[in-house]
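Remarks on the overall topology
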Amino acid sequence: MNLTLKIWRQAGATAKGAMHTYEVDEISEDMSFLEMLDVLNEQLNEQGEEPVAFDHDCREGICGSCDLMINGRPHGPEVTTTCQLHMRSFKDGDTIHVEPWRAEGFPVVKDLIVDRSAFDRIIQAGGYISVNTGAAPDAHATPVPREDAMKAFNVATCIGCGACVAACPNGSASLFMGAKITHLGRLPQGQPERDSRVVSMVAQHDAEGFGGCTNIGECTSACPKEIPLDVISQLNKDLRTAIRHGH
Ligand code: SF4
Ligand code: FES
């Protein structure tokens, strides 16, 4: 495939950015989207130009760092991460627009890389349990109903990629936060700090500049791990309960 790429270039956090146009040829449909960008960067290196900065790590759909807005959709046209998106989703002659996440909570660092450390600070505010668990207990020492175990496991698949924020017109991180709240709230180990957790995480979320949820639902359709919208209902329910308890 021969493709035209329109890519956001921005030299640094405070520099003015703009879309730049590049051509890449002989792209195999078996390449991943990131491998296609590798081809572009090799080309730019050979021409003595600055390669495009983009974030990635595992390239296996696990780490959540490959955060690209592709043709206006977080992670592109498939329900997957950018590193697991293959070029067979595009066709010869296509023009592909590639931009960084756009949200107040995710400032651009360079080109396509944004700073997602706000998510770390939200987790640090309450997305953990502080009991000393010691050595791994026997699996049956604390019985967990199957339904709770399955729900906790399913929402724990959130990889913190931030696609939910990028998709949301309010720039809200409610789906991410709801996944963490629901994960710990479904397990016995998560109960002692349940009230303080939700209050602290929501306060940090708001302080980072993320917006509120108005039930639009773009987040869940952009989520590569298909985290459902009901985690936000759980988040709101936990918050109301914590306030009723005097937090
Ligand atoms: S909820 Fe989905 S889109 Fe949001 S950070 Fe987690 S995995 Fe990414
Ligand atoms: S590079 Fe790790 S999820 Fe894509």
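Throughout, a residue's number is its position along its own chain's written sequence, starting from 1. Both sets of labels track the order of writing: A upward for chains, 1 upward for ligands. Totals for whole chains, interfaces and linings use all residues, but because this is a predicted model, local features are given only for residues with pLDDT of at least 70 and pairs of side-chain atoms are given and counted only at 80 or more.

- As annotated in an unreviewed UniProt entry, the chain is Fumarate reductase iron-sulfur subunit from Nocardioides aquaticus.
- Of the comments in the UniProt record for the chain, the one headed Catalytic activity (unreviewed entry) reads "a menaquinone + succinate = a menaquinol + fumarate".
- UniProt positions are given in the numbering used here, feature names are shortened, and annotations may be inferred rather than shown by experiment. Of the chain, the UniProt comment under Sequence similarities (unreviewed entry) reads exactly: "Belongs to the succinate dehydrogenase/fumarate reductase iron-sulfur protein family."

Quick look at the site of ligand 1
- Residues in contact with ligand 1 amount to 14 residues; listed here are only the nearest, Cys158, Cys161, Ala163, Cys164 and Cys223.
- Of all the elements in the fold, those that place two or more residues in the shell around ligand 1 are helix 4 (163-167) and helix 5 (174-185).
- Looking at the shell around ligand 1, its residues break down into eleven nonpolar, two polar and one charged. In this text, near has one meaning. A residue is near a molecule or strand if its C-beta atom, placed using the backbone, is within 6 Å of it. The helix and strand labels rest on DSSP assignments: H or I over at least four residues marks a helix, E over at least two residues marks a strand, and numbering proceeds from the N terminus. Under the scheme applied here, ten amino acids are nonpolar (Ala, Val, Leu, Ile, Met, Phe, Trp, Tyr, Cys and Pro), four are charged (Asp, Glu, Lys and Arg), and all others, including Gly, are polar.

Notes on helix 2 (residues 117-126)
- Taken together, the buried positions of helix 2 are Ala118, Phe119, Ile122, Ala125 and Gly126. For helix 2, the buried positions fall inside an angular range of 115° around the axis, keeping them on one side.
- Check the buried side of helix 2 and you find it contacts helix 5 and helix 6 (194-207). Any residue whose C-beta has 12 or fewer other C-beta atoms within 10 Å is treated as exposed, any with 20 or more as buried, and any in between as partly exposed, C-beta atoms being built from the backbone. The arc in question is the one spanned by the directions pointing from the helix axis to the C-beta atoms. We call two residues in contact when their backbone-placed C-beta atoms lie within 7 Å.

A few points about the domain arrangement of the chain
- Domain extents, as shown, originate in an automatic or database domain assignment. Each domain of the chain was delimited in the assignment, giving domain 1 (3-110) and domain 2 (116-129 + 145-244).
- For domain 1 and domain 2, the distance between their C-alpha centroids amounts to 27 Å.
- Listed as interface residues are 18 residues of domain 1 and, on the opposing side, 18 residues of domain 2.
- Of the residues belonging to the side of domain 1 that touches domain 2, the class tally is eight nonpolar, six polar and four charged.

Here's the deal with the environment of Asp38
- The residue Asp38 is located in helix 1 (residues 33-46) in this model.
- Spatially, the C-alpha atom of Asp38 lies 21 Å from that of Gly12, the residues being 26 residues apart in sequence.

Considerations on unusual backbone geometry
- Although it is not a glycine, His75 sits at a positive phi angle of roughly 65°.
- Relative to the assigned elements, His75 resides in the loop between strand 4 (73-74) and strand 5 (95-99).
- Of note in the backbone geometry, Asp111 takes a positive phi value of approximately 45° without being a glycine.
- Relative to the assigned elements, Asp111 resides in the loop between strand 6 (108-110) and strand 7 (113-114).

Details of the sheet that holds strand 4
- Pairing between strands requires that DSSP locate at least two bridges from one strand to the other. Ordered by their spatial adjacency, five strands build an open sheet running 2-1-5-3-4, and the pairing between neighbours is mixed. The open sheet has two edge strands, strand 2 (18-24) and strand 4, and neither has a second partner.
- Here two bridges tie strand 3 (residues 69-70) to strand 5, and the two strands are oriented antiparallel to one another. Residue pairing in the sheet places Ile70 in a bridge with Val98 of strand 5.
- The strands touched by helix 1 are strand 1 (3-9), strand 2 and strand 3; relative to strand 2, the strand with the most contacts, the crossing angle is about 90°. Working convention: axes come from line fits to C-alpha atoms, limited for helices to the stretch in contact. Angles between N-to-C directions cover 0 to 180 degrees.

Notes on the packing of helix 2 against helix 6
- At a minimum axis separation of 7 Å, helix 2 and helix 6 run at an interaxial angle of 155°. Considered as vectors, helix 2 and helix 6 are oriented roughly antiparallel to each other. The hand of the helix 2/helix 6 crossing is right-handed. In this structure, helix 2 uses Arg121, Ile122, Ala125 and Gly126 to contact helix 6, whose residues at the interface are Ser196, Arg197, Ser200, Met201, Gln204 and His205.
- Class assignment for the residues of the contact of helix 2 with helix 6 results in three nonpolar, five polar and two charged. By the definition adopted for this analysis, an angle is roughly parallel if under 35 degrees, roughly antiparallel if over 145, roughly perpendicular if from 65 to 115, and oblique otherwise. Working rule for handedness: look at the near helix, and if it is turned counterclockwise from the far one by less than a right angle, call the crossing left-handed; if clockwise, right-handed.

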